[in-house]
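Here is how the chains run, residue by residue.
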Amino acid sequence: MKFINKKAALIFGLSLTFFGTAQAQQTPKKKIDGVVAVVGEYVVLDSDIDKTFVELQAQGIDIKNITRCEMFGKLLEDKLYAHQAVQDSIVVTDQEVHDFMNSQLDQMVEQVGSIDKVVKFYNKKNLEEFKTYFFDIVKMNKLTSQMQRKVVDAVEITPEEVRTFFKGIPKEELPVFGAEMEVAQIVINPKISDAEKQRVMNQLREIKKDVMDNGASFYSKAVLFSDDKASVPTGGFYKITRKTPFVKEFKDVAFSLAEGEISEPFETTYGYHIIYLEKIRGQELDLRHILIIPKVSDEAMKEAKEKIEKIRQRIVSGEISFADAARSSSDEKETRNSGGLLVNPRTLETRFELTKMDPALYSQVADLKDGAVSLPLVDADEKGMKHYKLLTVTNRYDEHTADYAKDYLKIKELALKEKQIKAIAKWTEEKIKETYIKINGDYRDCKFTNNWLKK
């Protein structure tokens, strides 16, 4: 499947795998200062190429096999997408850009230690200059991605097209799919006592009282008591809008507060919170919060283990199937209705390729025989909450050359990608013809796949 995978990288890969626009191995003889290309109302500077190389290096990406012509070709593509997005009235609001930019800035600061170090890394004089530079990049990237998504999302594929695609693959290039398995689980959560919930609520009320009545620092309280590890270093600080991907209960409380107000304790799936609203900036809130997760008692863990052991015994004795036990008894809503079947987060299918499987999950099921049920295992969810679970392997698939009947969904995905690639190529060809494009200097010597020079 080399002919598919190579092309698919152009659209569906990481930022590294986009270099198909310019195939030349020829590097410009000398550097040209200033504008090296114009695409619609967008320009490409020679320094833009250098900056992109630097940014890829900063991400740990090997750039030694990427030529300047290839990098230049990628930038031309980006500008064409952004230009056409404007022509098609695709709107990216300043608020969207600011939200994304602030989120990215927070991640950058977390990685390097301070905003000053971020500004220094990008060789900007101050934060204001950096934000202006970063804003323009983010906006163009969003226009680019939305335009490309618009082209790709319009592509559909029929079963007959899938069949034709599969028949057209040379026998020696048929993909080989690795060994896979399907896994199901039953989860039993230990019950948190009402007394423990009340203890947490009382603790949060005491923190609120100390801040409001005694002038205690909410920042310090968050550092000392919050179970939200991500925000502890910043004293529980978050900047959010209505579109920030926080749970609904949290945003509902945050947007109900007045500036300077501290909420009453409230519950989400993560535990119990209080929020201090520092500043309202239009549709954006500066807030601090404290999360306290109720503790699970040893007695509750013991009861959960006893419950799951009884479930296992009923399955092993043949009284009930694993799937029916999951539907009737599992505490995991996401898998309960499917009989406990896990969904592969990479493919959104129920099959897990063994070589790409999460090592922790693989170690738990690797030695299970067909139909066997694991002993109760202690695990923890993404919030750190412990639970017991049972695992079973429901199906196994040996490594094999692609089979149309058995692997239809995988083949359909490959066929759709191929059709999307062709749609992108056709779209690019058409838009190049109708868009003002000028390439200057030695960059005209690059041997482009796309007809940027309009010869």
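It should be noted that the structure appears before, not after, this text.
**Considerations on the sheet that holds strand β11 (residues 386-397)**
Line of reasoning, step 1. What the 4 strands build is an open sheet, ordered β9-β4-β11-β10; its pairing is antiparallel. Each having just a single partner strand, β9 (351-353) and β10 (377-380) make up the two edges of the open sheet. Neighbouring strand axes in the sheet, compared pairwise and without regard to direction, differ in orientation by 55° on average.
Line of reasoning, step 2. Bridging between strand β4 (residues 180-188) and β11 involves 9 bridges; their strand directions are antiparallel. Bridge assignment links Glu182 to a residue of β11, and that residue is Asn395.

**Focus: the sheet that holds strand β2 (residues 42-45)**
Line of reasoning, step 1. Read across the sheet, 3 strands follow the order β2-β1-β13 without closing on themselves; strand pairing throughout is antiparallel. Only two strands of the sheet have a single neighbouring strand rather than two, namely β2 and β13 (437-439). Looking at each pair of strands side by side, their axes are set apart by 20° on average, direction ignored.
Line of reasoning, step 2. Of the strand pairs in this sheet, strand β1 (residues 35-39) and β13 are connected by 3 bridges, and their pairing is antiparallel. Bridge assignment links Ala37 to a residue of β13, and that residue is Ile439.
Line of reasoning, step 3. Along the sheet, helix α3 (residues 68-87) makes contact with β1, β2 and β13, crossing β2 at roughly 165°.

**A short note on the pattern of salt bridges**
Line of reasoning, step 1. Taken as a whole and assessed by the stated rule, the structure comprises 28 salt bridges.
Line of reasoning, step 2. Among the salt bridges present, the one from Lys356 reaches Glu353, with a minimum N-O distance of 4.0 Å.
Line of reasoning, step 3. A relative accessible area of 48% means that Lys356 is categorised as partly exposed.
Line of reasoning, step 4. What you see here is one network of salt bridges that share partners, running through Glu180, Glu349, Arg351, Asp407 and Lys410.

**Some thoughts on the packing of aromatic side chains**
Line of reasoning, step 1. Within this structure, the stated rule accounts for 11 aromatic pairs.
Line of reasoning, step 2. Ring plane angle 45° and centroid distance 6.4 Å describe the contact between Phe130 and Tyr133, whose orientation is recorded as tilted. Of this pair, Phe130 and Tyr133 both sit in helix α6 (residues 127-153), 3 residues apart, roughly one helical turn.
Line of reasoning, step 3. Judged by relative accessible area, which is 0%, Phe130 ranks as buried.
Line of reasoning, step 4. Feature note: the residues Tyr238, Phe246, Phe250 and Phe266 constitute an aromatic cluster, connected by ring pairs.
Line of reasoning, step 5. The ring of Phe100 carries the charged tip of Lys142 above its face, separated from the ring centre by 4.7 Å.
Line of reasoning, step 6. The side chain of Lys410 reaches across the aromatic face of Phe177, ending 5.7 Å from its centre.

Here is what the cut-offs are and how they apply
- Residues numbered from 1 in each chain as written.
- Predicted model: local features only at pLDDT ≥ 70, side-chain atom pairs only at ≥ 80, totals over all residues.
- Heavy atoms only, no water.
- Pairing = 2+ DSSP bridges.
- Helix = DSSP H or I, 4+ residues; strand = E, 2+ residues; numbered from the N terminus.
- Axes fitted to C-alpha atoms, helices over the stretch in contact; angles between N-to-C directions.
- Contact = heavy atoms within 4.5 Å.
- Salt bridge = Lys/Arg side-chain N within 4 Å of Asp/Glu carboxyl O.
- Buried < 20%, exposed > 50% of the residue type's maximum accessible area, 1.4 Å probe, protein only.
- Phe/Tyr/Trp six-rings, centres within 6.5 Å; stacked < 30°, edge-to-face > 60°.
- Lys NZ or Arg CZ within 6 Å of the ring centre and 35° of its normal.

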